[in-house]
Amino acid sequence: MAQWNRLRELSPAYWQRLHELYDRDGLPMDVRHYLSVWIEKQEWQRAARDYGLAVVLYQVLLENLDIQHSRFVQEESFLQQHNIRRHKQTFQRYQDEPCALASTILWFLEKEKEILDSADLDEQVQLLHVEQENMEMTCHQELERKMAGLRNDVQCLEHAIICLEEQQDEFDFKYQTHKMEASADEAQKNEWMKKFQLLINRLNECRKSTLADLTKLLDRAEHLINLLLKELVDWQRRQQKSCIGAPDNVCLDQLEKWFTCVAVCLFQVQEFFNKLEELVGKMSYENDPVKGQKPALQKRADALLKDLLKSSFVVETQPSMPQGKGPLVLRTNVQFSVKTRLLVKFPELNHSMKVNVSMSREAPQIKGYRRFNVLGTASKDLNMAESHSGGMIADFRHLSLREQKSGGSGKGISDISLSVTEELHIICFNTVFELKGFSVELQASSLPVVIISNSSQQQSAWASILWFNMLSLEPKDVMFFANVPAAPWPQFSEMLSWQFLSATKRGLDDDQRNMIAHKLF
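Since the structure is predicted, the reported quantities are computational estimates derived from the model, not experimental observations. (Residues numbered from 1 in each chain as written. Predicted model: local features only at pLDDT ≥ 70, side-chain atom pairs only at ≥ 80, totals over all residues. Heavy atoms only, no water.)

Q: How do you make sense of helix α7 (residues 78-91) when you look at a structure like this?
A: Note that an α-helix has 3.6 residues per turn; residues three or four places apart therefore point the same way. Taking 1.5 Å per residue, 14 residues should reach 20 Å; α7 reaches 20 Å between its end C-alpha atoms and fits that length. Among the residues of α7, Gln80, Gln81, Asn83, Ile84, His87 and Phe91 are the ones counted as buried. Buried residues along α7 cover an arc of 165° about the axis, so they all sit on one side. Exposed residues lying more than 90 degrees from the buried face of α7 are Phe78, Leu79 and Gln89. (Helix = DSSP H or I, 4+ residues; strand = E, 2+ residues; numbered from the N terminus. Expected span 1.5 Å × (residues − 1). Buried < 20%, exposed > 50% of the residue type's maximum accessible area, 1.4 Å probe, protein only. Arc of directions from axis to C-beta.)

Q: Is there a simple way to explain the sheet that holds strand β5 (residues 372-376) in this structure?
A: Through backbone hydrogen bonds, the strands of a sheet pair up, either in parallel or in antiparallel fashion. Read from one edge of the open sheet, four strands run β1-β3-β7-β5, paired in antiparallel fashion. Each of the sheet's edge strands pairs with one partner strand only, and the pair in question is β1 (313-320) and β5. On average, adjacent strands in this sheet sit at an angle of 35° to one another, irrespective of strand direction. In this structure, strand β3 (residues 336-342) lies alongside strand β7 (residues 392-403), joined through six bridges in antiparallel fashion. Within β7, the residue paired with Thr340 across the bridge is Ala394. (Pairing = 2+ DSSP bridges. Axes fitted to C-alpha atoms, helices over the stretch in contact; angles between N-to-C directions.)

Q: Got a minute to help me understand the UniProt feature "domain: STAT transcription factor protein interaction" (unreviewed entry) in the chain in this structure?
A: Here the UniProt-annotated "domain: STAT transcription factor protein interaction" (unreviewed entry) positions come out as residues 2-122. Its end C-alpha atoms 20 Å apart, residues 2-122 is made of 79% helix and 0% strand. (UniProt positions renumbered as here; feature names shortened; annotations may be inferred.)

Q: Would you mind showing me how to read unusual backbone geometry here?
A: A negative phi holds for most residues other than glycine; trans holds for most peptide bonds. Here Leu328, not a glycine, exhibits a phi torsion of approximately 75°, which is positive. Relative to the helices and strands, Leu328 is located in the loop between β1 and β2 (329-331). Of the residues examined, Leu328 reaches a relative accessible area of 0% and is grouped as buried.

Q: When you look at the side chain of Ser387 in this model, what are you seeing that I'm missing?
A: Mapping Ser387 onto the fold places it in the loop between β6 (379-381) and β7. There is a polar contact of 3.2 Å between the side chain of Ser387 and the side chain of Ser389. (Polar contact = N/O pair within 3.5 Å; in protein donor to acceptor, adjacent residues only side chain to side chain.)

Here it is as structure tokens:
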């Protein structure tokens, strides 16, 4: 199919790019449209270097415009007649520079090809991921359903505690009234005592029911947290692969929504415990179930909330230099950027949590292992202003590393030694979450980075990053290169395809992978 016809059949998402392309001067879109067949048949690349051919194509272009103008005269299309005549006058400025015109048309055709290649790539990626996306969609729909169930449980429990408070108020009112109207009649006293015992029994059953509902809610919350942690591990693996070129989705917006939902529910549970404490303070009795069960339930709820919050602090964008070949390769005394994100979003915490960055202090037992200091603005507030989606992020943009002098290199006790480009280092981020009396320290870690001191080490360092993130499922394994595993060909060829995809916008097909395999083996 002709290139112009393919462009016209693209989805509206690509039309905007096409319109932006033809908003430039050089080749009007209606000329490209009406002369599309002729334009695509000419050797513009050769004409850009061959003056004689460029002159011929220039003259034929003007003749074609005359022919098109005559057709519009016959069709009485006044507006198109005017446009074609004006375009011809514009092209006549190339009379002395026909090669420049050829170069201009060639540039437009190449930009069109880039749009088509981008559309082909998107279609290829979509086909590759359609089955995976269907599975993910099913899992995500199930998670959404369970989230809705958790929110419903919280609402029901809130109503149950209101009812519990009303029952207790009813008992208290009747009891106080009885004390004021105390009777000396023993029979009447016994009758009142029976009524109070019935009220206490009802209150006791209501307290037991509320505690049982609390237990079920915590069971549901724990199950959801386990599912979220699995989703987080999957995201971390996708992020690892995306760092080496994989076209994986690493957006955190959905995870943030889920983490925030569970956190909000667990903070409401904290309020329920406070309410139960208040009610018990006003009235308690022998074998009160709240006194017996509340401490263990509250301890469990605190642990769940703590686990959720500790997992919610992540490195959204891994460390990278502006001019680097890829992320995770850093050079001493050269600025790099990195972004952290808190997946539990409470607007009241905006600008109230300070994130500090440092190098990991846990030096592995590797001979000659280097240590580094972080320079630059090493402390930033988590805020929603720097994020397009309104997430709670701390975006470090002007950090650099400086190697510590000898004495801080920490040779360790092992005879294992690694080259500079096989040394893996981890950057750590720390903050403190404090809300409604609940406080917990949070830490996030970057994927291992390779730190070089000159550009000649760049390729070897990038090879280490490729190998680590292709094979390692343990993101903190800085000893990985002490015993490097072999890569299975399917996994290795997929990684090679990602490199072509990153560099050329097109991955390797099966035939190309097989050809490379035959050459290698």
